[in-house]
Amino acid sequence: EIVMTQSPVTLSVSPGDTATLSCRASQNIYSNLVWYQQRPGQAPRLLIYGASTRATGLPARFSGSGSGTEFTLTISSLQSEDFAIYYCQQYTNWPRTWTFGQGTKVEIK
Amino acid sequence: QLQLQESGPGLVKPSETLSLKCTVFGASISSANYHWAWIRQPPGKGLEWIGTVYFSGSTYYNPSLKSRVSISVDTSKNQLSLDLSSVNAGETGIYYCASAPAGRHWFDPWGQGVPVTVSS
């Protein structure tokens, strides 16, 4: 079973600054890595798939990178609506399973 | 535009079966373009994948839930169903349905979620 570990658990950032979130897989998942944003009281929203491809309409201040076991979500020029919880998710073909990380909360500093 | 809406009883007794529905709008649930999934979130905690059904009818379940879960599709009602048996209080939370593009492994869009409390 592949385990996804996100760090840090909480990230305190000032508006306008850059947030860097990490996600580590316990095994090689190639580029099968997805990022979601969840605002309070809302369903998760797709941000990044294939480790680095932005979802339709996502601002360019969101970027994803990495492959294998180490992945990063970078949010530059943080805006008020970006303060939320971010989850990474991986997909394994055999056995066919989907696994989420525990999340990183980006809060206002 | 594809939209999903979950529904079901908000309260389930321990040891009973949790049954939820997800109505799909904007696409046929039997379309070869989508897969369908259930994901849950305990209060204040992270996301847990429950299972996925492919348009082919193949189902894939979280190994930790496999013995108690069933996901199916009702094409006449354009609905996705979740049955989870022998529930306990730790399974209280928000239950989401979501779609995935066929052949892809990300979930988009998601329904708004339905809260479920397991309590006597």
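Not measured: the values here are computed from a predicted model.

S.K.: Even after reading the chapter, I still don't get the overall build of chain B, so can you show me in this structure?
M.R.: Counting its secondary structure elements, chain B contains 0 helices and 10 strands. In chain B, the order of α-helices and β-strands from amino to carboxyl end is β-β-β-β-β-β-β-β-β-β. The C-alpha radius of gyration computed for chain B amounts to 13 Å, which stays within 12% of the reference 14 Å derived for 120 residues, consistent with globular compactness. Along the first, second and third principal axes, the C-alpha set of chain B runs to 40 × 30 × 25 Å. Within chain B, buried positions represent 48% of all 120 residues. Considering only residue pairs separated by 6 or more positions, chain B has 55% of its internal contacts joining residues 24 or more positions apart.

S.K.: Where do I start with the layout of surface pockets in this structure?
M.R.: The method is simple in principle: a probe with the dimensions of a water molecule rolls over the atoms, and the space it marks as empty is what remains. Reported here for the largest pocket is a volume of approximately 370 Å³. Put simply, the parts of the chain that give the lining of the largest pocket at least two residues each are strand 9 (85-93) and strand 11 (104-108) of chain A together with strand 9 (93-101) of chain B. Tallying contributions element by element places strand 11 of chain A first for the lining of the largest pocket, with 4 residues. Considering only residue class, the lining of the largest pocket consists of 11 nonpolar, 10 polar and 4 charged. Estimated volume of the second largest pocket: approximately 320 Å³. Taken together, 16 residues line the second largest pocket, and the ones lying closest to its centre are Glu1, Ile2, Thr97 and Thr99 of chain A together with Pro63 of chain B. Broken down by secondary-structure element, the contributors of at least two residues to the lining of the second largest pocket are strand 10 (96-100) of chain A together with strand 5 (48-53) of chain B. The element that contributes the greatest number of residues to the lining of the second largest pocket is strand 10 of chain A, accounting for 4 residues. For the lining of the second largest pocket, the class distribution of residues is 8 nonpolar, 6 polar and 2 charged.

S.K.: Is there a simple way to explain unusual backbone geometry in this structure?
M.R.: Glycine aside, residues mostly have negative phi angles, and peptide bonds mostly take the trans form. Cis geometry marks the peptide bond from serine 7 of chain A to proline 8 of chain A; its omega dihedral reads -10 degrees. Locating proline 8 of chain A in the fold gives a position in the loop between strand 1 (4-7) and strand 2 (10-13). For the bond running from aspartate 108 of chain B to proline 109 of chain B, omega is 5 degrees, close enough to zero to count as cis. By secondary structure assignment, the location of proline 109 of chain B is in the loop between strand 9 and strand 10 (114-118). Although it is not a glycine, alanine 51 of chain A sits at a positive phi angle of roughly 75 degrees.

S.K.: Help me understand the pattern of salt bridges in this model?
M.R.: Residues and elements named next belong to chain A. In this structure the tally under the stated criterion is 6 salt bridges over all chains. A salt bridge links glutamate 81 to arginine 61; the nearest nitrogen and oxygen atoms lie 3.6 Å apart. Here glutamate 81 is found in the loop between strand 8 (70-75) and strand 9, whereas its partner arginine 61 is found in the loop between strand 6 (53-54) and strand 7 (62-67), with 20 residues between them in sequence. For glutamate 81, a relative accessible area of 34% puts it in the partly exposed group.

What counts, and at which threshold
- Residues numbered from 1 in each chain as written.
- Chains lettered and ligands numbered in written order.
- Predicted model: local features only at pLDDT ≥ 70, side-chain atom pairs only at ≥ 80, totals over all residues.
- Heavy atoms only, no water.
- Helix = DSSP H or I, 4+ residues; strand = E, 2+ residues; numbered from the N terminus.
- Rg over C-alpha atoms; globule rule 2.2 N^0.38 Å.
- Buried < 20%, exposed > 50% of the residue type's maximum accessible area, 1.4 Å probe, protein only.
- Contact = heavy atoms within 4.5 Å.
- 1 Å grid on protein atoms, 1.4 Å probe; cavity = no way out; pocket = protein on both sides within 12 Å on 5 of 7 lines; lining within 4 Å.
- Points joined across faces, edges and corners; volume = space filled by probe spheres on them.
- Nonpolar A, V, L, I, M, F, W, Y, C, P; charged D, E, K, R; others polar.
- Salt bridge = Lys/Arg side-chain N within 4 Å of Asp/Glu carboxyl O.

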